[in-house]
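What the coordinates show
Spelled out, the chains give:
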Amino acid sequence: ERPSDLEGIGRMVREAGRMRRLVDGLLDAARGDQIGFVGQLEAVDLYALVSEVIAGASAGRTVCFEGTPVTVIVDADRIRQVVNNLLDNAIKYSPNGGDINVTLTADDGYAILRVADRGIGIAPADVPVIFERFRRAVGVQHVSMTGLGLGLYFCKRIVEEHGGQIAVQSVFGQGSEFEVRLPLTQLQAQTPVA
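Residues numbered from 1 in each chain as written. Predicted model: local features only at pLDDT ≥ 70, side-chain atom pairs only at ≥ 80, totals over all residues. Heavy atoms only, no water.

**Notes on the confidence of the model for the protein chain**
- Residues at a pLDDT of 70 or more form 72% of the protein chain, whose mean pLDDT is 79.
- Within the protein chain, strand β5 (residues 110–116) carries the highest mean pLDDT (96), whereas helix α5 (residues 186–190) carries the lowest (43). (pLDDT = per-residue confidence, 0-100. Helix = DSSP H or I, 4+ residues; strand = E, 2+ residues; numbered from the N terminus.)

**Section: the sheet that holds strand β4 (residues 100–107)**
- Strand order in the open sheet formed by five strands is β2-β4-β5-β7-β6, and the pairing between neighbours is mixed. Here the strands that pair on one side only, and so sit at the sheet edges, are β2 (63–67) and β6 (165–171). Averaged over all adjacent pairs, the angle separating strand axes in this sheet is 15°, with direction ignored.
- Two strands pair when backbone bridges link them, and β5 and strand β7 (residues 175–183) are joined in this way by seven bridges, in the antiparallel orientation. Among the inter-strand pairings, Ala111 is bridged to a residue of β7, identified as Leu182.
- Relative to the sheet, helix α2 (residues 46–57) contacts β2, β4, β5 and β7, its axis offset from that of β2 by approximately 175°. (Pairing = 2+ DSSP bridges. Axes fitted to C-alpha atoms, helices over the stretch in contact; angles between N-to-C directions. Contact = heavy atoms within 4.5 Å.)

**So, the pattern of salt bridges**
- A complete count under the given rule lists seven salt bridges for this structure.
- Measuring nitrogen to oxygen at the nearest pair gives 2.6 Å for the salt bridge that ties Lys156 to Glu160. Here the residue Lys156 and the residue Glu160 both occupy positions in helix α4 (residues 151–161), the gap between them amounting to four residues, near one helical turn.
- Since its relative accessible area comes to 39%, Glu160 is described here as partly exposed. (Salt bridge = Lys/Arg side-chain N within 4 Å of Asp/Glu carboxyl O. Buried < 20%, exposed > 50% of the residue type's maximum accessible area, 1.4 Å probe, protein only.)

**Some words on the nonpolar core**
- Leu46, Leu86, Leu87 and Val102 are the most contacted members of the largest nonpolar core, which totals 42 residues.
- The greatest single-element share of this core, amounting to eight residues, is contributed by helix α3 (residues 76–92). (Core = buried A, V, L, I, M, F, W, Y, C linked by side-chain atoms within 4.5 Å.)

**A few points about α2**
- Here α2 spans 16 Å end to end across 12 residues, near enough to the 16 Å set by a 1.5 Å rise per residue.
- Taken residue by residue, α2 has Leu46, Leu49, Val50, Val53, Ile54 and Ala57 as its buried positions. Seen from one end, α2 has its buried residues packed into an arc of 135°, which puts them on one side. Every exposed residue of α2 that faces more than 90 degrees away from the buried side is listed here: Ala55 and Gly56.
- By the N-cap criterion, in which a side-chain oxygen at the helix start approaches the backbone nitrogen of a residue two or three places on, α2 is capped by Asp45, the distance to Tyr47 being 3.0 Å. (Expected span 1.5 Å × (residues − 1). Arc of directions from axis to C-beta. Polar contact = N/O pair within 3.5 Å; in protein donor to acceptor, adjacent residues only side chain to side chain.)

**Overview of the pairing of β4**
- When β2 meets β4, the two strands line up parallel, connected through five bridges. Considered in β4, the bridge of Glu66 is made with Thr103.

**Re the pairing of β5**
- Here β5 lies mainly inside the structure; five of its seven residues are buried.
- Sheet analysis places β4 next to β5, joined by seven bridges and oriented antiparallel. Counted as the bridge partner of Asp107 is Tyr110 from β5.
- Counting the residues between successive antiparallel strands, the hairpin from β4 to β5 contains two residues, one of them, Asp108, with a positive phi of roughly 55°.

**Observations concerning the packing of α3 against α4**
- In the contact formed by α3 and α4, the axes pass within 9 Å of each other and the chain directions differ by 145°. Crossing hand, α3 versus α4: left-handed. Residues Arg78, Ile79, Gln81, Val82, Asn85, Leu86 and Asn89 of α3 touch α4, and the partners they reach there are Gly151, Leu152, Phe154, Cys155, Ile158 and Val159.
- Its residues assigned to classes, the contact of α3 with α4 comprises eight nonpolar, four polar and one charged. (Left-handed = near helix turned anticlockwise from the far one by under 90°. Nonpolar A, V, L, I, M, F, W, Y, C, P; charged D, E, K, R; others polar.)

Below, the structure is given as structure tokens:
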């Protein structure tokens, strides 16, 4: 076989993989809308989960992670999806490099995860809509930044179904910081304030 044949086959395989990810995303969104995103809950060491995601997603990039061990009652696979998406976005939207800073703390009954980058940031007009499905910020229409605009929609739905919140602070051209708050335990989340 000629090298050009192999290059063409490689392109087809990559494109097929991209198409499969897009279809899987659409199917996941449809299922989630019908039955919810969160499945089996279990006690999860969030520090270990975040460390594992960073180890798998940060090839070639510096990701600084500081935090304390925090246990949450969550659907581990879905929280892994949230962390992976936020980390992937931080890397993808930092085309000129710069450290990605991840912190994990606990305060006021919540585990607080922050993912900060020094990337392209989000225009102020886009901040209110980035968590909506099929929405992507205007500045990210670059050819290498593909996707349907479902990642942050999934993050918001998953975090909120766990009783948490997700928010972003961003300066256009300077970077973004996403903050996820998850209740430390279901009991704490349901205990009325005295």
